[in-house]
There are 2 protein chains.
Amino acid sequence: MRRLCVHTITTKPLSLEECLVEFPKRGVSGITIWRQALEGRDLGAVARQTREAGLDVVSLCRGGFFPAATATGRQAAIDDNLKAIEQAHAIGAPLIVLVCGAVPGQPLVESRKQITDGIAAVLPAAEKAGVKLAIEPLHPMYADDRSAVNTMRQAHEICDALGSPKSVGIAVDVYHVWWDPELKEQIDHAGKTGRLHAFHICDWRTPTIDLLNDRGLMGEGCINIREISDWVDATGFTGHREVEIFSNRLWSGDQREFLEKIAASYAQLYA
Amino acid sequence: MRRLCVHTITTKPLSLEECLVEFPKRGVSGITIWRQALEGRDLGAVARQTREAGLDVVSLCRGGFFPAATATGRQAAIDDNLKAIEQAHAIGAPLIVLVCGAVPGQPLVESRKQITDGIAAVLPAAEKAGVKLAIEPLHPMYADDRSAVNTMRQAHEICDALGSPKSVGIAVDVYHVWWDPELKEQIDHAGKTGRLHAFHICDWRTPTIDLLNDRGLMGEGCINIREISDWVDATGFTGHREVEIFSNRLWSGDQREFLEKIAASYAQLYA
């Protein structure tokens, strides 16, 4: 259980304060904090309270969304990512996960160029703050408006284009990449290049009835989570396994029971 | 307009007989017939009526769904595909589109092997009947239960594994492959290998509210349809451009008006 992390969005109905109470009760050792959970809060206090709860802050979710139709829009995205870097530093998060962005109708190649430029623009501030950045390839069903980076190969290409800075890596989320025939090879490559920054788990339900908010708890779907997890570990990765689930169905139930189920399914997965 | 084909499923509320009346009125020159439209009909009569309507039968949709958890299930799939080959021959369809299939939880590599074996099993019958087969790579969001073939590269690999028989090729549907960074290269390769058997068009809406039945009419979404179409034509492809749209929204309206819109958006796309 020492590698179990839960995202605040996974138990969205709970406040951050409730997460800090409830997560440790189920043996959760890490927390990835979504930015909306920080709204109206003193960031220094969040850092202290999280430490006092015995939780590692694994990541801040999320930066990114760099592409925009106008230069003004792209600068606004850069400014927002600079703010995220300040927030991550203030709460003691060592990593920001980037949902890279896309503009419907804009060529994906152009969006990937804007993503590369955006990361380059915020990289000095991230390095100064000691905050790493993780490009999260998103499932191709989000290529219209959420991310033009849809495979690990493309994430590697952006890292390459940036000159392979140590602070830019990849967040592997099984939901997004499980179908990719190159997955094992690309995970291996991420290990060899020091780019494997984060590992997210959940499951893919059949049928999936909503493109955004119908993810499954581990075991409820078809993803070979344990196999992918073993590939990740084989690279030498020892970081947290982060449970990131968006689910209208699971959010509608009792969140404390849901946390029990998360802990149980995690324990079964890694038994 | 001489290359405009419409799938019977696109105007699902219309009977096959209504399609044969309504399609030609809007300048549609080709028809791809879905198997459910053949239910309870005399296939020889369908062939004759379609010819009399002045419509080319472009394809029969759909065969495939080869993977199954049991040998009995896989044999049933082969039998069903043999039946589809007979149907295609009887209605004068030169091609069957294969939605290849997948079994939730079964490794995709195993499903692709079963797909390859399934195609090999029906290939002699297809060749004897003069019916070609087209592997249609499906979007990765269908990798759980509809197709373990999610990229053109994988479709090519199956053609290679079969020894590149002339009668097995690929159906390119922009909805499934538009996001693929290798798309142009793989279309070029399909041209060079004589595998480009069919070309389907529609659009990707933002937001997409249903994984199956929320496709857009050309122009309603973000896909670079004309660019992809030009890549297809650059290979020497001169076949029909097939409008295949599944949409609860568009099916709920007047289908004759919908056909007018299809013809208008097609004319605009290829102006």
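To be clear, the structure that these remarks concern was listed above.
The rules behind each value
- Residues numbered from 1 in each chain as written.
- Chains lettered and ligands numbered in written order.
- Predicted model: local features only at pLDDT ≥ 70, side-chain atom pairs only at ≥ 80, totals over all residues.
- Heavy atoms only, no water.
- Contact = heavy atoms within 4.5 Å.
- Buried area = accessible area lost by both parts, 1.4 Å probe.
- Salt bridge = Lys/Arg side-chain N within 4 Å of Asp/Glu carboxyl O.
- Polar contact = N/O pair within 3.5 Å; in protein donor to acceptor, adjacent residues only side chain to side chain.
- Nonpolar A, V, L, I, M, F, W, Y, C, P; charged D, E, K, R; others polar.
- Buried < 20%, exposed > 50% of the residue type's maximum accessible area, 1.4 Å probe, protein only.
- Helix = DSSP H or I, 4+ residues; strand = E, 2+ residues; numbered from the N terminus.
- Pairing = 2+ DSSP bridges.
- Right-handed = clockwise from strand over helix to strand, strands pointing away.
- Least-squares fit on C-alpha atoms with pLDDT ≥ 70 in both.
- Axes fitted to C-alpha atoms, helices over the stretch in contact; angles between N-to-C directions.

Right, let's talk about the interface of chain A and chain B for a bit. Contacts between the two partners involve 24 residues from chain A and, on the opposite side, 23 residues from chain B. Roughly 1800 Å² of surface becomes buried between chain A and chain B when both sides are summed, with 71% attributable to carbon and sulfur atoms. Here chain A and chain B share zero salt bridges between them. Counting every contact that joins chain A to chain B gives four residue pairs in polar contact (both at pLDDT 80 or more). The class makeup of the residues in the side of chain A that touches chain B is 12 nonpolar, seven polar and five charged.

Quick look at the pairing of strand 7 (residues 196-201) of chain B now. Residue and element names in this part refer to chain B. With six of six residues buried, strand 7 lies mostly within the body of the structure. As paired elements, strand 6 (residues 168-173) and strand 7 share four bridges and run parallel to each other. If you follow I170 over to strand 7, its bridge partner there is L196. One ladder, built from three bridges, connects strand 7 with strand 8 (residues 241-243); its direction is parallel. Bridge assignment links F199 to a residue of strand 8, and that residue is R241. Between the parallel pair strand 7 and strand 8, the chain is carried across by helix 8 (residues 225-234), and the sense of this crossover is right-handed.

The next point concerns the relation of the copies chain A and chain B. Each copy of the sequence occupies a distinct position, and chain A is placed on chain B by a rotation of 180° and an axial shift of 0.0 Å, giving an RMSD of 0.0 Å. Considering both components of the superposition, the chain copies are consistent with a two-fold axis. Of all interface residues in chain A, 96% are interface residues in chain B too; the two copies therefore contact each other through one and the same surface.

Residues and elements named next belong to chain B. Strand order around the closed barrel formed by eight strands is 1-2-3-4-5-6-7-8, with parallel pairing between neighbours. The average undirected angle you get between the axes of adjacent strands in this sheet is 30°. In this structure, strand 4 (residues 95-99) lies alongside strand 5 (residues 132-135), joined through four bridges in parallel fashion. Opposite L95, over in strand 5, you have K132 as the bridge partner.

So far we have only geometry, and geometry alone does not tell us how the molecule works.
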